[in-house]
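Tertiary structure, described
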Amino acid sequence: MKVTLEINFKLVLRWFLGLLLIWASISKLANVQDFYGSLLAYKLPLPDFFLRGTAMCLPWLELLCGLMLLAKVQIQAALTWAIILFSIFVLATGAAWGRGLDISCGCLDLSLLGLGSESELVKVMKSVSFAFFRALLLTVGAVYLFRQETKAAIAKVG
Amino acid sequence: MPQIQSQIFKRSPLPLAAMLGASLLLGVAYNNASPLGVRGAKPPEKVVVASPPATSNSRTGYANETLSLTLEGARNVRTPGTAYGNQTVAMGLVPAQAAFPPSMVQSAFPNLAWPEVQTLLKSPQNLLVDARVGTYFQAEHIPGAVSLPANSPVVELTAFAAKYPKTTPLIIYCGSASCPMAHNLADLLGSQYGYSNIKLMPGGFAEYRVAQSQAEAGGGK
C-alpha cells in the first residue's frame, strides 16, 4: 500500500511539475516582449544581450522540460534543467524581494485561469514574495523527484 | 549518495546540452518570425536628432522648448527625400489593414496605420506617444516616440501636459491591436488634460515591427 501511494505521489508530482512548466512557457511565449520587460524589471546586473537571449530561449527550455516530464522521456535531464531553472527563479525573486522591488514576477499568466488582474488573489499570486516561496517549493519538489528517479534508475541497473 | 552523483554526471550532459541547443534554435526561429518577438540585437541608439523648427510656432510654442526627437535606430526608418537618408523603405508588401485589423478596442479617435504615421512624423509638430509601461519602452520603441504609460501617476501626466501644449497633435500607440492602453491614454489626455488632436495607431508596436521586417527584407534584396 505504501509503495502504491509513493508511486502515485511521484506520478502526481511529475505531472504537476510538467504541467506547470508548460503553463509557464505558454504564458511567456504568448508575449515574449512582456517576459523581456519583466526580466528588465528585475534590474539584474546582467548585459542586455544575455537578458534578450534568456527571454528568447527560456520559455522553450521550460516547454521542453514540461513535455519531457509528462512523456517521461530523458526524465533526469528534464529534472536537472527544472532544478536549475527553479533555482535561478529562487535567486532572482529573492534578490528582487530583498531589494524591495514592487514587480510582477512574470512567471505565469493568471488570465488563463480566468482571474482578473485587479483581484486581491491575483495581486498576491503575482507578487515577487509569493513567487519566491513558490519557486523554493518547486525546487524542493524537483530535487525530491530527481533523487527518486535516480534511485529507481540505479535499482534498475544494479 | 555518491552513486546518485555519478548517475547525474554519467547520464545527463548530452541530453542537457541537446535541450539547451534545441531551446536556442527554437527561440531564435520563433522570435524572428513573430512580430512581437524579442530580437537578439538592440537597435543603435541616438543616431539622428531632429530638432524642432527654429522659428517660433504660435500653435505649438516649440520654439521656446528644449524638445528634441531622438530617433533611435534611425537607419531602419530612412525614407527617400527626408533628412534621415536615402534608403528605400519597402512598404505595403502586406496591406496594413489586412495585417493589422482595426483595433479590437472601440475608439472615438481616428485610427492610423504605420505608413500614415511615418508620413506624419516627418513634421516635428506631431508627437508620437508610447502608452506601454516604461520597461517595454526602454527595451524597444518606435524611433522618435516619447514614453507616457497609460497608468502613469498624475504627477507624470501633469508634467507631460505642462511640457506639450494642448494643441499638439498626438499619435498614441501601445503593443498591438488587442492592447487597450493607447485608447485609455487617449481618453485620459482628451477628457482630463484637454488635448484636442489625438490619433491612435491601433496596430501598435507589432505593426511597426512587421513594417521594419519587411523594410529590412526589401532592402536586403
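Nothing here was measured: the structure is a model prediction, and the numbers come from that model.

Turning to the overall build of chain A, a few remarks are in order. Broken down by element type, chain A carries six helices and zero strands. Along the chain direction, N to C, the helices and strands of chain A fall in the order α-α-α-α-α-α. Residues counted as buried form 37% of the 158 residues belonging to chain A. When contacts within chain A are restricted to residue pairs at least 6 apart in sequence, long-range pairs at least 24 apart make up 73% of them.

Turning to the overall build of chain B, a few remarks are in order. Check the secondary structure of chain B and you find eight helices and six strands. Burial status across chain B gives 33% buried among its 221 residues.

It is worth spelling out the interface of chain A and chain B at this point. With 25 residues of chain A in contact, the opposing surface of chain B contributes 27 residues. Residue assignment for the side of chain A that touches chain B shows that the elements contributing at least two residues are α2 (32–41), α3 (48–71), α4 (75–98) and α6 (128–157) of chain A. Taken together, the residues of the side of chain A that touches chain B sort by class into 15 nonpolar, seven polar and three charged.

Residue and element names in this part refer to chain A. With respect to burial, α2 is a largely interior element, nine of its ten residues being buried. What α2 keeps buried is the set Val32, Gln33, Asp34, Phe35, Tyr36, Gly37, Leu39, Leu40 and Ala41. Immediately beyond the C-terminal end of α2, within one or two residues, lies lysine 43, with a positive phi of roughly 50 degrees.

This paragraph deals with helix α2 (residues 13–33) of chain B. Taking 1.5 Å of rise per residue, 21 residues should cover 30 Å, and α2(B) covers 30 Å from first to last C-alpha, within 8% of that figure. Within α2(B), burial applies to Met19(B), Ser23(B), Gly27(B) and Asn31(B). The buried side chains of α2(B) occupy one side of the element, clustering within an arc of 75 degrees when seen end-on. α2(B) presents Leu14(B), Ala17(B), Gly21(B), Leu25(B) and Ala33(B) as exposed residues on the side facing more than 90 degrees away from its buried surface. Contact partners of the buried residues in α2(B): α2, α3 and α4 of chain A.

Membership of the largest hydrophobic core comes to 41 residues, with the highest contact counts inside it found for Ala55(A), Leu61(A), Cys65(A), Ala78(A), Trp81(A), Ala82(A) and Ala142(A). Elements supplying a minimum of two residues to this core: α1 (2–30), α2, α3, α4 and α6 of chain A. The biggest single contributor to this core is α3(A), with eleven residues. Other than its neighbours up to four places away in sequence, Trp81(A) contacts Leu61(A), Cys65(A), Leu16(B) and Met19(B).

Let us now look at the confidence of the model for chain A. When pLDDT is averaged across chain A, the result is 83; 83% of the residues are at 70 or more. Confidence scores differ between elements of chain A, with helix α5 (residues 120–126) of chain A showing the lowest mean pLDDT of 71 and α3(A) the highest of 92.

Turning our eyes to something else, we now look at the sheet that holds strand β4 (residues 146–147) of chain B. Residue and element names in this part refer to chain B. Pairing is parallel in the open sheet, where four strands are placed in the order β4-β3-β5-β6. If you trace the sheet from one side to the other, it starts and ends with β4 and β6 (198–200), each paired once. Summarising the sheet, strand β3 (residues 127–130) and strand β5 (residues 170–173) pair through four bridges and their orientation is parallel. Counted as the bridge partner of leucine 127 is leucine 170 from β5. Lying over the sheet, helix α7 (residues 181–191) contacts β5 and β6, oriented at roughly 175 degrees with respect to β6.

Cut-offs and rules
- Every chain is numbered independently, its residues counted from 1 as its sequence is written.
- The order in which chains are written sets their letters, starting at A; the order in which ligands are written sets their numbers, starting at 1.
- Confidence filtering applies because this is a predicted model: local features only for residues at pLDDT of at least 70, side-chain atom pairs given and counted only at 80 or more, and all residues used for totals across whole chains, interfaces and linings.
- Helix numbers and strand numbers start at the N terminus; a helix is a DSSP run of H or I with at least 4 residues, a strand a run of E with at least 2.
- We call a residue exposed when 12 or fewer other C-beta atoms sit within 10 Å of its C-beta, buried when the count reaches 20 or more, and partly exposed for counts in between; the C-beta positions come from the backbone.
- Think of it this way: build a C-beta for each residue from its backbone, and any pair within 7 Å is a contact.
- Note on residue classes: Ala, Val, Leu, Ile, Met, Phe, Trp, Tyr, Cys and Pro are nonpolar, Asp, Glu, Lys and Arg are charged, and everything else, Gly too, is polar.
- A helix is expected to reach a length of 1.5 Å times the quantity of its residues less one.
- For this quantity, the arc is that covered by the directions from the helix axis to the C-beta atoms.
- For our purposes the nonpolar core covers buried Ala, Val, Leu, Ile, Met, Phe, Trp, Tyr and Cys residues that link as a set through C-beta atoms within 7 Å.
- The predictor rates its confidence in each residue with pLDDT, a number between 0 and 100.
- Strand pairing requires that DSSP identify at least two bridges connecting the strands.
- Here an angle of 0 to 180 degrees is reported between the N-to-C directions of two axes, which are lines fitted to C-alpha atoms, with helices fitted over the stretch in contact.

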